[in-house]
Amino acid sequence: MNPVRLIEAKRDGETLAPDEISAFFAGYLEGVVEEYQMAAFLMAVVLQGLGPDELQALVRSMLHSGAVLNLAELGGPRVDKHSTGGVGDKVSLVLAPLVAEAGVHVPMMSGRGLGHTGGTLDKLEAIPGFRTDLSLKRFRELLGAHRVAMIGQTDEIAPLDRRLYALRSVTGTVASLPLISASIMSKKLAEGLTGLVLDVKVGSGAFLSDETDARTLARTMVEIGEGYGVPTRARLTAMDRPLGRTAGNALEVREALECLRGEGPDDLRRVTVTLAAEMFVLADLDATPEAGVARAEALLDSGVALERFRTMVRAQGGAPEVVDDPGRLPRAPVVREVRVDRGLTLHRLEPRAVGEAVVELGGGRLRLSDAVDPAVGFDELAPPGTRLASGDLLGRVHARNEADARRGEGALRDAVEEEGEALHPLILPD
Ligand code: URA
């Protein structure tokens, strides 16, 4: 295998044979293909795409780079959810304990921040002590004991996705239908599921912003899942504004806790219960999504989903006290209010700009070696359609120092749109 020839062939739009794809990715894991060669190859894929056989070969390589779990010993349904990535998307933190509380096993393998979007692992690790790097043995034990565990890709499961995911995040190679499909589906198929729900984001804060592309992505992933015998359902949800009113790791944990208490922003709750309902239907718990929504709402309002979250935090080494006292989450030294200096009606805060500003504040990575600051970001973000009088709050910046806070303020003001195309409905029709 000559890596340079394969990179050039993909660059020139040639279709590679499945065994060439397999050899290239196996070579990467073995150290024969260098990091910079993989980055070049990924960029060629972003620009040229992959054919169906190439995509299948990529999914196979990624899936079989580590163990494929058989969790049948747990008994009962095992259903997970994965999002294609958005700004302020803290749904998994609420959804996983909620669905586990209903009696479904949720073996959730998530990712870190990717490009301008936040990642579930970085959010969970904002909770002091929380460990996402569990061994396979411990993952199984926790699933057996609590029905839910949330981990990252490891040397044992989906190691190829772990490396590619980190590399793509810092090389501008995320926004690719085949790369997103293979990344998500390889992780999810390794989890040994009986059902999978996909939250496919649509709008400028998503990696594939266009609705037609998002629908193709959804169809592609559903076909991959079903092809491997996993009943898979996709919902399209709006990412043309941030989800909820926070963006940034610890701030999003705080908002997820509000939702788990039956409070918090309506959009976060609606997306969460919609996806939970799909998971309940796949688990044969409910006959219709409507019944599933009612079940999910009751679990949030009664506080039992919050208790399951507390159990999970304790089991994964985190400080359970944050559940009752979110003030114990990391806090940024500078909090700056951003107020409008004239009256306006907010069409929306452009979500990609908000996500990029979080990364600039230190809440995401620009280089592979960057550490993430859990405390920084934005909260109290004004929702779309808000009528703001002069002096009203647009949002608050949480920053490491005054200079960053000033830059964050500028970015938030730049994200303001007073007019534009009609926004997508929060949950798009099928
Ligand atoms: N989520 C993933 O796990 N991978 C992607 O490529 C995008 C979102």
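Heads up: the structure comes first, above all this text.
This structure is a prediction, so every number in the text was calculated from the model and none was measured. (Residues numbered from 1 in each chain as written. Predicted model: local features only at pLDDT ≥ 70, side-chain atom pairs only at ≥ 80, totals over all residues. Heavy atoms only, no water.)

### Examining the site of the ligand
Okay, step 1: Around the ligand, the surrounding shell consists of His-82, Ser-83, Thr-84, Leu-114, Tyr-165, Arg-168, Ile-180, Ser-183, Ile-184 and Lys-187.
Okay, step 2: Contact between the ligand and Ser-183: a nitrogen atom at 2.7 Å from a side-chain N or O atom of the residue.
Okay, step 3: Interatomic distance of 2.5 Å between a side-chain N/O atom of Lys-187 and an oxygen atom of the ligand.
Okay, step 4: Protein coverage of the free-state accessible area of the ligand, which is 240 Å², stands at 98%.
Okay, step 5: Among the elements of the structure, strand 1 (79-83), helix 8 (159-169) and helix 9 (177-189) are those that each provide at least two residues to the shell around the ligand.
Okay, step 6: No other element matches the four residues that helix 9 contributes to the shell around the ligand.
Okay, step 7: Here the residues of the shell around the ligand sort into four nonpolar, four polar and two charged. (Near = heavy atom within 4 Å. Polar contact = N/O pair within 3.5 Å; in protein donor to acceptor, adjacent residues only side chain to side chain. Areas by Shrake-Rupley, 256 points an atom, 1.4 Å probe, with all protein chains shown as cover. Helix = DSSP H or I, 4+ residues; strand = E, 2+ residues; numbered from the N terminus. Nonpolar A, V, L, I, M, F, W, Y, C, P; charged D, E, K, R; others polar.)

### Comments concerning the packing of helix 5 (residues 91-101) against helix 13 (residues 289-301)
Okay, step 1: As a packed pair, helix 5 and helix 13 sit with axes 10 Å apart at the nearest point and diverge in direction by 105 degrees. In terms of orientation, helix 5 lies roughly perpendicular with respect to helix 13. Residues Val-94, Leu-98 and Glu-101 of helix 5 form the contact with helix 13, whose participating residues are Ala-296, Leu-299 and Leu-300.
Okay, step 2: A per-class count over the contact of helix 5 with helix 13 returns five nonpolar, no polar and one charged. (Axes fitted to C-alpha atoms, helices over the stretch in contact; angles between N-to-C directions. Parallel < 35°, antiparallel > 145°, perpendicular 65-115°, else oblique. Contact = heavy atoms within 4.5 Å.)

### Brief notes about helix 16 (residues 402-414)
Okay, step 1: For helix 16, which comprises 13 residues, the first-to-last C-alpha distance of 18 Å matches the rise-based estimate of 18 Å (1.5 Å per residue) to within 8%.
Okay, step 2: Among all positions of helix 16, only Asp-404, Ala-405, Gly-408, Glu-409 and Leu-412 are buried. Seen end-on, helix 16 carries its buried residues on one side only, within an arc spanning 140 degrees. The outward face of helix 16, more than 90 degrees from its buried face, is lined by the exposed residues Arg-407 and Asp-414.
Okay, step 3: If you follow the buried residues of helix 16, they end up packed against strand 6 (334-339), strand 8 (348-349), helix 15 (351-363), strand 9 (377-379), strand 11 (393-399) and strand 12 (416-417).
Okay, step 4: Of the residues flanking the start of helix 16, the one acting as N-cap is Asn-401, its side-chain oxygen 3.3 Å from the backbone nitrogen of Ala-403. (Expected span 1.5 Å × (residues − 1). Buried < 20%, exposed > 50% of the residue type's maximum accessible area, 1.4 Å probe, protein only. Arc of directions from axis to C-beta.)

### Structural notes on unusual backbone geometry
Okay, step 1: Residues other than glycine seldom take positive phi values, yet Ala-158 does so here, at roughly 50 degrees.
Okay, step 2: For Ala-158, the location among the structural elements is in the loop between strand 3 (148-152) and helix 8.
Okay, step 3: Despite not being glycine, Asp-284 has its phi angle at roughly 65 degrees, a positive value.
Okay, step 4: Considering the arrangement of structural elements, one finds Asp-284 in the loop between helix 12 (266-282) and helix 13.

### Some details on the packing of aromatic side chains
Okay, step 1: Counting across every chain of the model gives three aromatic pairs.
Okay, step 2: Taken together, a centroid distance of 5.7 Å and an interplanar angle of 75 degrees make the contact between Phe-24 and Phe-25 edge-to-face. Per residue, the accessibility class of Phe-24 equals that of Phe-25, and both read buried.
Okay, step 3: Ring pairs connect the aromatic residues Phe-24, Phe-25 and Phe-41, which therefore count as one cluster. (Phe/Tyr/Trp six-rings, centres within 6.5 Å; stacked < 30°, edge-to-face > 60°.)

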